[in-house]
Structure formats: C-alpha cells, structure tokens
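# Topology and contacts: notes
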Amino acid sequence: MKNMNEIKLLFQNSSLEDLPALMQEYETDERSGVQKLLSSAQKRIVAMEQELLRLEEISRYEKQYAEYQLICGIDEVGRGPLAGPVVAGAVILPADCKILYINDSKQLSEKKREELYEVIMEQAISCGIGYATPERIDEINILQATYEAMREAISKLDPAPKLLLNDALKIPGVSIPQVPIIKGDAKSISIGAASIIAKVTRDRLMVEYDKVFPEYDFAGNKGYGSQKHIEALKKYGPTPIHRRSFIQNFI
C-alpha cells in the first residue's frame, strides 16, 4: 500500500483526463488524507467542466459569425491613466479556439495575464498592437487617439480580418464589417485575447518607464492616478509621458 506522500504525488501529477480512473482506484481508501485528495480532485474536475462551459459561452459570437472565417477581436487598454500611451490589441484566433481562462484582462491576475499572453501569441493566426502617444492624446483627445491605435493594430494583421468584434466601440475609418459588443472583453474570446495582449504590452512598457522616472511608481500604478503618483506629480511636475490634458487639476 502506498503511503500518503506517494498518493499525494500521484494526484498532483495526474492530468484531468486521468483523474477519474485514479479516483476510482482510491475511492475505497478510508484514510482521511486520501479522502481529502479525492475531494480536491472532484473539485478540479467540476472547475474544469465549468470553465469549458464558460469557454463555450464566450465563443458564441465567433460561432455566430463563423462564415467570415478570419474574425478579429479588438480592444484597448489605458484610456484612463494620467501618463503613458493608450494601447490597442487586435487578435485573430483559430476557429474553435480552446485557450482556457481567456477573459477581460481586468478580471485576471498579472501572472495569469502573462501566461495567457504567451499562449495567445503562440496560437493566434495573427496579432497586432497599436499605440497612441500622450502627445497624440493631448492633440486629438483620448477617444480619437484610441481609434487611431485600433486602426494601427488592425493594419498590422496578416492575413487581414474579414470581421471585427469590438469592445463597445465602432471604429471610424475602417472598411471591415464591425460588430460592437458591450463588455465584449468578457463576452468574446477574441476580444478577451485582444484585451490581454494590449494590457500585458502596456504594463511592460510602464515598468520600463518606471526605471526612467522612479519617483512616480509607474511599475505599480501603470500611469493611473494613485496617491503616490499624484503626490510625485505635484512635487516633481510632469514627465514627458504625462498627458497634459489629464493632469490640469493636479499641477
């Protein structure tokens, strides 16, 4: 008979596909430790079943418009910060994509976003990133700058998409058919993927800016108006990456 450590390793190293057989093997073992392992394994299976159902639900738009074949999800990150660019992501995923845990990037931990970024970049048919600088945001306003970043992201896709699934906005100046979806980053796997690559790209950029301007804690606040950021802004003044039109109430 295996000891508890050996059994624990078996459960830890078991794939979800192999768990039911392993659970059946130990279901009559009355040791409390084994019963806890069986309970945890059952929770893993239930959680995966729920995730697969969620994945099916957030793929409904991609299935609804499947005749377009090359469907691009597009989303932006960084409309609200006081500093840094607005960044747009555009992603074309394969049909029937099965990347688990894709969601609105705001609903995911930094670690999970980083993990999913790598998977998305590896499995996507094409990805594009677009930027609008703080200067451009001040020049034409944040909404128009967001549109520009989105158009840039779309222009970098190869092959070009046949349909755009957008998070709420309809992008002017684009001839590709568009479907705006309210809260689309949580309702469409393609938009969710775009949200993730845009968020990770922008966060990494703000971490680099933090090395240049350490007083503002850009690595921590990503350019948003945290207390430390605002205090530094009042003490040291704006940096070249601050949006002048956003900071008028602070300086």
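To keep things clear, this report deals only with the structure shown in the data block. (Residues numbered from 1 in each chain as written. Predicted model: local features only at pLDDT ≥ 70, side-chain atom pairs only at ≥ 80, totals over all residues. Heavy atoms only, no water.)

Turning next to the overall build of the protein. When helices and strands are tallied, the protein shows ten helices and five strands. If one aligns the C-alpha atoms of the protein with their principal axes, the spans along those axes are about 70 × 50 × 25 Å. In the protein, buried positions account for 48% of the 251 residues. A separation of at least 24 residues holds for 64% of the contacts in the protein among residues at least 6 apart in sequence. Surface exposure of the protein reaches about 13100 Å², of which carbon and sulfur atoms provide 52%. The averaged location of the 36 negative side-chain charges in the protein is 5 Å from the averaged location of its 32 positive side-chain charges. (Helix = DSSP H or I, 4+ residues; strand = E, 2+ residues; numbered from the N terminus. Buried < 20%, exposed > 50% of the residue type's maximum accessible area, 1.4 Å probe, protein only. Contact = heavy atoms within 4.5 Å. Areas by Shrake-Rupley, 256 points an atom, 1.4 Å probe, with all protein chains shown as cover. Lys, Arg positive; Asp, Glu negative; His and termini not counted. Charge placed at Lys NZ, Arg CZ, Asp CG, Glu CD.)

All right, on to the pairing of strand β3 (residues 126-132) then. Burial runs high along β3: five of the seven residues are buried. Note: strand β2 (residues 86-92) against β3, seven bridges, orientation antiparallel. Paired with I92 across the bridge in β3 is S126. (Pairing = 2+ DSSP bridges.)

Between helix α5 (residues 110-123) and helix α8 (residues 189-212), whose axes approach to 9 Å, the crossing angle comes to 115°. For α5 against α8, the interelement crossing comes out left-handed. From α5, R113, E114, L116, Y117, E118, I120 and M121 reach across to α8, where they touch A193, I196, I197, K199, V200, T201, D203 and R204. Here the residues of the contact of α5 with α8 sort into eight nonpolar, one polar and six charged. (Axes fitted to C-alpha atoms, helices over the stretch in contact; angles between N-to-C directions. Left-handed = near helix turned anticlockwise from the far one by under 90°. Nonpolar A, V, L, I, M, F, W, Y, C, P; charged D, E, K, R; others polar.)

Now for the packing of aromatic side chains. By the definition in use, this model includes five aromatic pairs. Ring centres of F11 and Y26 lie 6.2 Å apart, and the angle between their planes is 55°; on these two criteria the pair is classed as tilted. In this pair, F11 sits in helix α1 (residues 4-13) while Y26 sits in helix α2 (residues 19-26), placing the two residues 15 residues apart along the sequence. Pair check on accessibility: F11 and Y26 agree, each one buried. Clustering of aromatic rings is evident, with ring pairs tying together F213, Y216, F218 and Y236. The positively charged end of R204 is found above the aromatic ring belonging to Y117, 4.5 Å away from the centroid. (Phe/Tyr/Trp six-rings, centres within 6.5 Å; stacked < 30°, edge-to-face > 60°. Lys NZ or Arg CZ within 6 Å of the ring centre and 35° of its normal.)

Another point: the pairing of strand β4 (residues 163-167). Burial analysis of β4 places five of its five residues in the buried class, the great majority of the element. Residues of β4 alternate between two faces, with L163, L165 and D167 on one and L164 and N166 on the opposite face, all of them buried. Of the strand pairs in this sheet, strand β1 (residues 71-77) and β4 are connected by four bridges, and their pairing is parallel. Across the sheet, residue I71 finds its bridge partner in β4, namely L163. Bridging between β4 and strand β5 (residues 178-181) involves four bridges; their strand directions are parallel. Pairing of N166 across the sheet is with P180, part of β5.

Turning our eyes to something else, we now look at the pattern of salt bridges. Evaluated as defined, the whole model comprises 15 salt bridges. A salt bridge links D29 to R31; the shortest N-O distance between them is 2.6 Å. Owing to a relative accessible area of 26%, R31 belongs among the partly exposed residues under this scheme. A salt bridge links E139 to R136; its shortest N-O distance comes to 3.0 Å. One end of the pair, E139, and the other, R136, are both in helix α6 (residues 134-140), three residues apart, so they sit about a helical turn from each other. Through salt bridges with shared partners, a single network forms among D104, K106 and D185. (Salt bridge = Lys/Arg side-chain N within 4 Å of Asp/Glu carboxyl O.)

Spatially, the five strands line up as an open sheet ordered β3-β2-β1-β4-β5, and their pairing is mixed. Of all the strands in the sheet, just β3 and β5 have a single pairing partner and so form its edges. Taken pair by pair, the neighbouring strands of this sheet meet at an average axis angle of 20°, ignoring direction.

Spatial relationships are all this shows, so hold off on functional conclusions.
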